Amino acid sequence: MWTKLRQSLPLQLAFAAFSAWAITRLFSIDDQVAQQDWYQLIALGKTTYLGLLKMVVGIVVMLSLLQGITSIGSTMRLKKIGRTTILFYSFTSFIAISLGLGASLLLPPWEPLTSIVPVGEEVKLISAEAANSGAIAEKLFSMALVNPIQALSEGNLLAIVLFSFMLGLALVSTLPEKHSLFEVINGLNKGVNKIVSGIIKLAPLAVFSIVFEFSVSGSSLLFKQLALFAVLVFTLTLIHGAIVLPGIAKFITGISFKRLFKALSAPMAMAFATSSSSATLPLSMQTAEQELGVSQTTSSMVLPLGSVMNMDGTALFEGVAAIFLAQLFGVDLTTSGLVMIFIMAMVSSIGAPGMPSGSMSGMQMVLLAAGIPLEAIAILLLIERPLDTFRTAVNVEGDLIAAVVIDKWQQEEGASHQLTHHAI
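Residues numbered from 1 in each chain as written. Predicted model: local features only at pLDDT ≥ 70, side-chain atom pairs only at ≥ 80, totals over all residues. Heavy atoms only, no water.

Before we go on, may I ask you to explain the overall build of the protein in this structure?
Looking only at helices and strands, one finds 18 helices and zero strands in the protein. Taking contacts inside the protein between residues at least 6 apart in sequence as the whole, the part at least 24 apart equals 83%. Accessible surface, the protein: about 20,400 Å² in total, of which carbon and sulfur atoms supply 66%. (Helix = DSSP H or I, 4+ residues; strand = E, 2+ residues; numbered from the N terminus. Contact = heavy atoms within 4.5 Å. Areas by Shrake-Rupley, 256 points an atom, 1.4 Å probe, with all protein chains shown as cover.)

Can you walk me through the pattern of salt bridges in this structure?
Opposite charge on two side chains permits them to pair, given that their charged atoms come into close proximity. Taken as a whole and judged by the stated rule, the model has one salt bridge. The shortest N-O distance in the salt bridge between Asp388 and Arg391 comes to 3.4 Å. You can see Asp388 and its partner Arg391 sitting in helix H18 (residues 384-423), three residues apart, about one turn around the helix. Note on accessibility: Asp388 and Arg391 belong to one class, buried. (Salt bridge = Lys/Arg side-chain N within 4 Å of Asp/Glu carboxyl O. Buried < 20%, exposed > 50% of the residue type's maximum accessible area, 1.4 Å probe, protein only.)

Teacher, can you tell me more about the environment of Val207 here?
Secondary-structure assignment places Val207 in helix H9 (residues 203-216). Linking Val207 and Ala269, residues 62 residues apart in sequence, is a C-alpha distance of 8.9 Å. Sequence-distant contacts of Val207, that is, excluding residues within four places in its chain, are made with Leu13, Ala16, Ala17, Met270 and Ala273.

Is there a simple way to think about the packing of helix H12 (residues 277-290) against helix H13 (residues 296-309) in this case?
Relative placement of two packed helices is described by the angle separating their axes and the distance separating the axes. Between H12 and H13, the shortest axis-to-axis distance is 10 Å and the interhelical angle comes to 160°. On the basis of their axis angle, the class for H12 and H13 is roughly antiparallel. Crossing angle aside, the handedness with which H12 passes H13 is right-handed. Across from Ser277, Leu281, Ser284, Met285, Ala288 and Glu289 in H12, the residues of H13 making contact are Gln296, Ser299, Ser300, Leu303, Pro304 and Ser307. Partitioning the contact of H12 with H13 into residue classes produces five nonpolar, six polar and one charged. (Axes fitted to C-alpha atoms, helices over the stretch in contact; angles between N-to-C directions. Parallel < 35°, antiparallel > 145°, perpendicular 65-115°, else oblique. Left-handed = near helix turned anticlockwise from the far one by under 90°. Nonpolar A, V, L, I, M, F, W, Y, C, P; charged D, E, K, R; others polar.)

Which parts of the structure should I look at to understand helix H8 (residues 180-200)?
Structural remark: α-helix, 3.6 residues per turn; residues separated by three or four positions point the same way. Between its terminal C-alpha atoms H8 stretches 30 Å, which fits the 30 Å expected from 21 residues at 1.5 Å a residue. For H8, the full list of buried residues reads Phe182, Ile185, Asn189, Val192, Val196, Ile199 and Ile200. Down the axis of H8, the smallest arc covering the buried residues is 90°, so these residues share one side. In this structure, H8 carries Ser180, Glu183, Lys190 and Lys194 as exposed residues pointing more than 90 degrees from its buried face. (Expected span 1.5 Å × (residues − 1). Arc of directions from axis to C-beta.)

In this structure, what is going on with the side chain of Thr92? I would like to understand it.
Mapped onto the fold, Thr92 is located in helix H4 (residues 75-106). Judged by relative accessible area, Thr92 falls into the buried class, the value being 2%. Side-chain polar atoms of Thr92 contact the backbone oxygen of Tyr89, separated by 3.1 Å. When residues no more than four places from it in sequence are discounted, the contact partners of Thr92 are His240, Leu245, Ile248, Asn310 and Asp312. (Polar contact = N/O pair within 3.5 Å; in protein donor to acceptor, adjacent residues only side chain to side chain.)

Mind showing me how you'd approach helix H7 (residues 157-174) here?
Taking 1.5 Å of rise per residue, 18 residues should cover 26 Å, and H7 covers 25 Å from first to last C-alpha, within 8% of that figure. Along H7, the residues classified as buried are Leu157, Leu158, Ala159, Ile160, Val161, Ser164, Phe165, Gly168, Leu171 and Val172.

Explanation requested: the environment of Leu202 in the structure shown.
Mapped onto the fold, Leu202 is located in the loop between H8 and H9. Accessibility expressed as a relative area gives 33% for Leu202, which makes it partly exposed. Between the C-alpha atom of Leu202 and that of Gly45, which follows or precedes it by 157 residues, the distance is 8.3 Å.

This is the structure in structure tokens:
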């Protein structure tokens, strides 16, 4: 038993989470202990782990993308894998939003509110002008077009991905295939991955700290409507994560559900605990290559892109939440309103920060586009944090399944080219 525990990261994460929850229940620990020294020491586990990951995640994304791009070599093949990745992510997001909206519209409507939950002063609401297409495009461009050093220091993955693509394409098109700079990039990537492997060993400590903190400060603000809404979101997210995405992987690659979920257990558990797809990215890349047999070329391209633009769980949540809030506030959604919810949920999920509650600004855009009072966001804030854990796990699952599927396509294409070459 202990040997298995030492060798299995998923078991270590599960044991750490259960231990933290059991201790808080066994000793009846409540939020009054938050100022005590021993509690601060426990919280240090979370701070240390996430801090170390924030230190390296920008560099990991940049070096991984640079190595992926330069190892592909051919700009034509690079365009193809990039286009395939974006189309696959768009396809799965389309399914997620359709599932969320379809189920929400088929179910009986929610009872309208008799009183409105006040918005706290700490919540900054966006203006109506910030929800139009031009403002959204401006926001995405302003996030992406910044100094790369600034982007690395702030963890702005959208800007890091864009700069890495530009630099990688420039290197591939100007330098010979065997240039020594590519060897330097490869060496740096190996060194950073070694650091990441060491950081990942601290993951159980971080999970213990996070679950302990969450258990101590557990929210009691769930109303009946919110509880039912949470069950609906959880059920739909579970369907997408346990049936739809694995079904796609099974259909295209033939991988069994058992093998897939065994490999995905560690990164999904980490995503669940941290609610951060960015913090899970290094572990996802390690899992893709070591557990699922994905080539480094594919994983270093597909997974960093996924951490920025593939947010199936977020898109599904935003669609369901928009219907929920519209019915609570008595807003009659027309066909055009539903179309706007669909489009805005898809667009706002792209580039959403890969951190806890990173989708709330996008949720505000969805509400404004559908004509739902912006103050409705206060209701979601009561239940959003627990739900964030589930959808982040599905976001990370979607990234890894995309890597498996696209790597399979790349292998088949390579085999086809070899057969054609031999035939000639």
